[in-house]
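Residues per chain are reported as follows:
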Amino acid sequence: ASHQSATYDNLRVDAIVTAGVEGNSATSGDPSQWAETPTGWSKLPHVAGTINTMVLVNQPLKPEAQVRAVLTVTEGKSAALLELGISSRYSQDLATGTGTDQICLAAPISESAYVYSATNPHSKMGELLGVAVRAATREALRWQNGLEPSITRSLSHALRRFGFSDAAF
């Protein structure tokens, strides 16, 4: 797992991320791996990999800020994948995650402390969420899959999503 922190004044965000995308990266709208029917779930061919993100915020958050924080964290994770040019395994699109990604957000509950209401990218709390999650996701992908800009900026990596391979070349 990668652990990254971001701070500003009395705000602190810690992001802990495990990441694997080589076999399961996807983007919204890709072909699914599960089908739900009235008789239950049918599993389609299995592909492994997931990104698990745990975010710890040191200040209380209003419920609406918690929801927005999950969106901001998702955007940070997706930004890291786009920065590395990670392609979907199901289409020619760039991946924004995997089909099994999970997010856990923890913030203290306090009746006496100020409760923050904004976690969008325009707020300092949102900036910290994005910085910590992006950095942790990039580092986890480097450790798990060896993905870093020096590798993912190659022509063969960029064209992989269109069926290009070094062997075919």
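Residues numbered from 1 in each chain as written. Predicted model: local features only at pLDDT ≥ 70, side-chain atom pairs only at ≥ 80, totals over all residues. Heavy atoms only, no water.

Describing the side chain of S2
Moving on, step 1. Note on placement: S2 falls in strand β1 (residues 2-8).
Moving on, step 2. A distance of 3.4 Å separates a polar atom in the side chain of S2 from the backbone oxygen of A136.
Moving on, step 3. Setting aside residues no more than four positions away along its own chain, S2 makes contact with A15, I16, V17, A135, A136, E139, A140 and W143. (Helix = DSSP H or I, 4+ residues; strand = E, 2+ residues; numbered from the N terminus. Polar contact = N/O pair within 3.5 Å; in protein donor to acceptor, adjacent residues only side chain to side chain. Contact = heavy atoms within 4.5 Å.)

Examining a nonpolar patch on the surface
Moving on, step 1. A contiguous nonpolar surface patch, about 290 Å² in accessible area, is contributed by L155, L159 and F162.
Moving on, step 2. Of note, L159 is situated in helix α4 (residues 155-159).
Moving on, step 3. Since its relative accessible area comes to 30%, L159 is described here as partly exposed. (Patch = residues over 30% accessible without salt bridge, like charges linked within 9 Å, V, L, I, M, F, W, Y side chains within 5 Å. Areas by Shrake-Rupley, 256 points an atom, 1.4 Å probe, with all protein chains shown as cover. Salt bridge = Lys/Arg side-chain N within 4 Å of Asp/Glu carboxyl O. Buried < 20%, exposed > 50% of the residue type's maximum accessible area, 1.4 Å probe, protein only.)

Side note on the packing of aromatic side chains
Moving on, step 1. Scanning all chains against the criterion turns up one aromatic pair.
Moving on, step 2. Positioned above the aromatic ring of Y8, the side-chain terminus of K124 is 4.6 Å from the ring centre. (Phe/Tyr/Trp six-rings, centres within 6.5 Å; stacked < 30°, edge-to-face > 60°. Lys NZ or Arg CZ within 6 Å of the ring centre and 35° of its normal.)

Section: the sheet that holds β1
Moving on, step 1. Read across the sheet, four strands follow the order β1-β2-β6-β8 without closing on themselves; strand pairing throughout is mixed. Looking at strand neighbours, the two that pair on one side only are β1 and β8 (102-106), the edges of this open sheet. Across the sheet, the mean angle separating the axes of adjacent strands is 15 degrees when strand polarity is ignored.
Moving on, step 2. Contacts between helix α1 (residues 63-83) and the sheet are confined to β6 (51-57) and β8, with β8 contributing the most and set at about 135 degrees to the helix.
Moving on, step 3. This element, helix α2 (residues 124-145), spans β1, β2 (11-19) and β6 of the sheet and lies at about 25 degrees to β2. (Pairing = 2+ DSSP bridges. Axes fitted to C-alpha atoms, helices over the stretch in contact; angles between N-to-C directions.)

Any link to function would need more than the numbers given here.
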